[in-house]
Amino acid sequence: MKHLLQVCLWACLLSSGGLLHAQDLLTVSGTVSDDDGPLIGATVTVKGTTRGTVTDIDGGFTLEEVQATDSLQVTYVGYTPRTIAVAGQTSFDIDLSENISNLGEVVVIGYQEVKRSDLTGATAVVPSEQINKTVSNSLAESLQGLASGITVRNGGAPGSGAVIEIRGAASFVNTSPLYVIDGMIADANVTFNNNDIESVQILKDASAAAIYGSRAANGVIIITTKSGRKGPIRPSLSVTTGIQTIPQRWDVMDAAGFAELQRTSYRNSGLEVPASVGDDFDPSIDTDWQDEVIRTGSTLDANLSASGGSDNLKYFLSGSHFRNEGVIIGRGFNRTAFRVNSTLDLGRITVGENLVLTNNNIQQPLGGFDTGNPFYDMVTMLPVIPVRGDRYISDTNPGGWGIGTVDAVSYAKNQVAVTDLLREKINYLKLIGNAYVQVELLKGLRYKFNVGLENSDDFAKGLRRFGITQFNAAVRPSSIQDNRSQFSSLLMEHTLNFDRAFGEHNISAVIGTSDQQTQRNYTFASRSDIVESGGDPFEQINSATGESLAEGGVSTDYRTIGFLGRFNYNYAQKYYLTLTGRVDQDSRFSRDNRTGLFPSVAASWRISKEDFFRVPWIDDLKFNASYGTLGIVTLGSWDWRGTINNNPRAILGTVQVGATQAGLVNPDLRWENRKSQNYGVEAAILDYRLTLSANYYHILSEDALVTNLPVATYLGNLGGSPPVNAGSIQNTGLEFEANYRQQLDRVQFNIGFNLTTINNTVKSVGNRGEGIDYIQTGLTRSRVGEPLGEWYLLKTDGIFQNQAEINEHALEGNLIQPFAQPGDIRYVDVDGDGQITDQDRSFTGESPWPSLQLGGQLGLSYGNFDVSAQLIGIFGNTLYNGVRSSLDSYQNTNFRSDINPWTADDPNTDDPRIGVATNDQGLVDNARGNTDRWLEDGSYFRLRNLQIGYTLPTGTLDRLNISNLRVYLTGQNLFTLTGYTGLDPDVQGNGILERGVDNGNWPSSRIVSLGLDLNF
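Predicted model, so just to flag it, every value in this text is computed and none were measured.

Engineer: Can you help me understand the overall build of the protein chain in this one?
Structural biologist: Scanning the protein chain for helices and strands turns up 12 helices and 57 strands. For the protein chain, whose C-alpha radius of gyration is 32 Å, the value lies close to the compact-globule estimate of 31 Å for 1016 residues. With respect to the principal axes defined by its C-alpha atoms, the protein chain has extents near 95 × 70 × 65 Å. Expressed as a percentage of the 1016 residues in the protein chain, the buried residues total 52%. Look at the contacts in the protein chain between residues 6 or more apart in sequence, and 70% of them connect residues 24 or more apart. Surface accessibility of the protein chain: about 43,900 Å² in total, with carbon and sulfur atoms responsible for 53%. Averaging the coordinates of the 79 positive side-chain charges in the protein chain and doing the same for the 112 negative ones gives two points 7 Å apart.

Engineer: Sorry if this is basic, but what is going on with the sheet that holds strand β44 (residues 790–793) here?
Structural biologist: Paired through backbone hydrogen bonds, the strands of a sheet run either parallel or antiparallel to each other. Read across the sheet, four strands follow the order β42-β43-β44-β49 without closing on themselves; strand pairing throughout is antiparallel. Unpaired on one side and paired on the other, β42 (774–776) and β49 (842–843) mark the two borders of the sheet. Bridge analysis of strand β43 (residues 780–783) against β44 gives two bridges, and the strand direction is antiparallel. Counterpart to T780 in the pairing with β44 is W791.

Engineer: How do you make sense of the layout of surface pockets when you look at a structure like this?
Structural biologist: Remark: the empty space left among the atoms is shown by a probe the size of a water molecule rolled over them. Of the pockets and cavities examined, the second largest pocket occupies roughly 1,300 Å³. In this structure, the second largest pocket is lined by 49 residues; those nearest its centre are N174, S176, P177, Y179 and D187. Those elements that provide at least two residues to the lining of the second largest pocket are β13 (163–166), β14 (178–181), β23 (422–442), β24 (445–464), β25 (479–502), β26 (505–528) and β29 (548–571). Each residue belonging to the lining of the second largest pocket can be placed in one class, and the counts come to 19 nonpolar, 21 polar and nine charged.

Engineer: Teacher, can you tell me more about a nonpolar patch on the surface here?
Structural biologist: Judged by side-chain polarity, L313, L344, L346, I349 and V351 come together as a nonpolar surface patch covering roughly 370 Å² of accessible area. For I349, the position within the fold is in strand β22 (residues 349–364).

Engineer: Teacher, can you tell me more about the side chain of N930 here?
Structural biologist: Along the polypeptide, N930 turns up in the loop between α11 (921–926) and β53 (935–937). Judged by relative accessible area, which is 14%, N930 ranks as buried. Within the structure, N930 has its side chain in polar contact with the side chain of D838 (distance 3.1 Å). Residues contacting N930, with those up to four places away along its chain left out, are L779, L793, L794, D838 and R841.

Engineer: I would appreciate a short explanation of unusual backbone geometry in the present structure.
Structural biologist: The phi torsion of most residues other than glycine is negative, and most of the peptide bonds are trans. Look at D182: it is not a glycine, yet its phi comes out positive at around 55°. Considering the arrangement of structural elements, one finds D182 in the loop between β14 and β15 (184–185). Positive phi values are uncommon outside glycine, yet L686 reaches one of about 55°. If you trace the backbone, L686 turns up in the loop between β37 (672–685) and β38 (690–706).

Engineer: I keep staring at empty space enclosed by the protein and nothing clicks. Help me out?
Structural biologist: What the rule picks out here adds up to eight cavities of 30 Å³ or more. There is about 220 Å³ of room inside the largest cavity. Contributing elements (two or more residues each) for the lining of the largest cavity: β12 (150–153), β40 (747–756), β50 (852–862) and β51 (865–875). Per-element tally for the lining of the largest cavity: the top contributor is β12, with four residues. Per-class residue counts for the lining of the largest cavity are 12 nonpolar, nine polar and three charged. Estimates place the volume of the second largest cavity at around 140 Å³.

Reading the values: the criteria
- Residues numbered from 1 in each chain as written.
- Predicted model: local features only at pLDDT ≥ 70, side-chain atom pairs only at ≥ 80, totals over all residues.
- Heavy atoms only, no water.
- Helix = DSSP H or I, 4+ residues; strand = E, 2+ residues; numbered from the N terminus.
- Rg over C-alpha atoms; globule rule 2.2 N^0.38 Å.
- Buried < 20%, exposed > 50% of the residue type's maximum accessible area, 1.4 Å probe, protein only.
- Contact = heavy atoms within 4.5 Å.
- Areas by Shrake-Rupley, 256 points an atom, 1.4 Å probe, with all protein chains shown as cover.
- Lys, Arg positive; Asp, Glu negative; His and termini not counted.
- Charge placed at Lys NZ, Arg CZ, Asp CG, Glu CD.
- Pairing = 2+ DSSP bridges.
- 1 Å grid on protein atoms, 1.4 Å probe; cavity = no way out; pocket = protein on both sides within 12 Å on 5 of 7 lines; lining within 4 Å.
- Points joined across faces, edges and corners; volume = space filled by probe spheres on them.
- Nonpolar A, V, L, I, M, F, W, Y, C, P; charged D, E, K, R; others polar.
- Patch = residues over 30% accessible without salt bridge, like charges linked within 9 Å, V, L, I, M, F, W, Y side chains within 5 Å.
- Salt bridge = Lys/Arg side-chain N within 4 Å of Asp/Glu carboxyl O.
- Polar contact = N/O pair within 3.5 Å; in protein donor to acceptor, adjacent residues only side chain to side chain.

Here it is, written out as structure tokens:
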């Protein structure tokens, strides 16, 4: 059917094209002008073709051989383009209106809309056409590189979200921004369809975000979805399909190379060579575990929408399907969504709603210890182990999965076995939207009642078949489990908006209330000993025959009530003042700490409107400044209350049930506060062709939650140390953005560029005891005066080349590394105690935080062809290559193909001697994980996206009632310039404090896709 439709479409195009030649051709002429008179050099083209001309000194133009069904496209730099149907006419008088770039664009800033030129806060605006150029699981992933001040780290797995930070980290616990979708406060995660987006506003400073008060400290992302337009129904179809690959693989040894080096390793240690690489070595077994686990993935993104309406009723409808079959076996994600947006204008009363229903499915291995990490396991697994084999069949491994033996030891998981034995299907059925009624009470005064709802029914079915995935793994019974949860969030808001001008005085204001109730309930059931038939397991929990387990509860239940207000004033669009405030009450705090005030103030001066300003090439110049306080809640619903253990029993004649409070709590918990300063300048020059903006920000987070503060043991605390508002983090930096657009004859191009610097410093970590001014994690230390999560490791100083060097590495005649041999790693005795211990760890001076972020967007069009590109650059950060740490330990792992272990005959290498660590402390020390040996420069420059498109000429499409048909080819992540030896320097890491740790990070895929946009 698909091919039949394609043949019919092209047949119609060819037949209609033949008819056009039979029509009479016209010569058309006219003038192009604005309010001040003729426009010289305006471009007039026949739409959909390369035929055109430019206007003369009188604004006149003439075009020959124009068909009656053609349209004229008129463009001029600094003016809004116009398209005019010829419709048999031969003379035209065309007026163009001035377009002051995007300064006249209306921007949503939270409960209000203002012109972009009137903004006083730091707000980034990202249009939908930029967002939808990439194939992404989530909005956060799409925003990478598109705006200054925004840091995005991608996950890569189907159905996984990205980590996004706005102007650094405000908290030790959570850096996620607040999302507002059409007025509903809800998370725009992977269940949200990016193609429904009209525009995105990112509120970065206190002036812009303070209207959201207690939840805005990490920034606010406001999403406006598409709406209907007056006119007949306009259907649109877009389809993009592509293939995914992993751009880079680890270069590890095949079976022959592994066996040879493994034999060398054992011989160096004076040990008997294992049979798997010795007498029983089987060259026919040569497993490339990356080939077994990695596949060519695919993507499909199909969207069908329709919009239209009358003077009173406008509507937008859409249906979409997104599918991502991942590049790793057993992983996939799909989303189906239906949206209805409409507005009904009844004079003074406007009623509207924005509603979307999504059904989301994730397929992946059931999580747990036995699951492992494919990007770690497939690299370290031994090539002499087959995927499965008869010799591996046993009572605990009936599938015969290759997991290693006593003479071929590997503790990596067999990821092919993982996908067979451990299965999970997750379904999210989500309804999210809002409905509102707006009443114009008086001229310029509007009341709005907004009700928002997010409801999600989540169901995860996990299946564990009997078997093991790893050598010497614990044997667990087969089982099946059902995990259900229901999430609901109800928002009700009342606002009054006032907007009037009194001569040169312009006033807009909003006051209102916001009330949101959020709850999540869950139930969990499992049963062991599943039943299989013909190798296929029954997936109903009642089909299992073993022991059962069930539990349920309420994990989330809180309410937030807010009282908000904002006052905007400007005089003659020259002097601006914005006052914003919000008072919030949140049930996640005790009654004494439940209320918080979050104010801000901002001012702007448009100096370009002053009489004394006489710079003809500067069209607009404005200075901004703001200061305010924002908050964030990083608590659960019950953290300020004690947890009761109702299991104690006592025998007092009979069994008596008791209850105790197991752990201490902190009833004085309160909001984390973020005090924000912003100073900026905005300019438009060269007839608005070039727009510039620069901002300096200074943000101090206070009362940040910290945990594990010391608690006296005599207090009887058993539940972990309670969190305390005792931390502080400072973020400072510069942001710069530039956008240039130009038209040269028939060529139009635009260039966008953004730059960000982020410097964060820990200011306080609470009272942790004398001399302890830091938070310690596995590989990092967050110390007062240093960046968050700075690397805190042992320092290496090359390789011992001979025994003399080992002897010289001594203190008072005692060897600092007494077990070392030539070829071992030399460590620095930082504390000078004559031995290498954890006390010798020190700050490396390197940070996982980039010192510079760059983003670039390029656009070029000529006639019917267009080309666009997105680029990103991350510089100055350092990553920890955890996979290489395991590979280069030499123990129970495969080897890098380019490994060059030290020998006396070949000492010029960075790789230490090879051997088996049994009874050899020197080799154990060489494989230490907490050293700077595994740090690498994480800087990279990436072509994020490249798209080439062609729009078919409109003359032939008009016959088919098609207004636009565009086809395009897109390449995503086509190349990356980096010195990092891991798979991808775009690393999510291990939380906020270990953000640069790569223990098998899922890399971003390379995607090549073909797309079509069709508008009727």
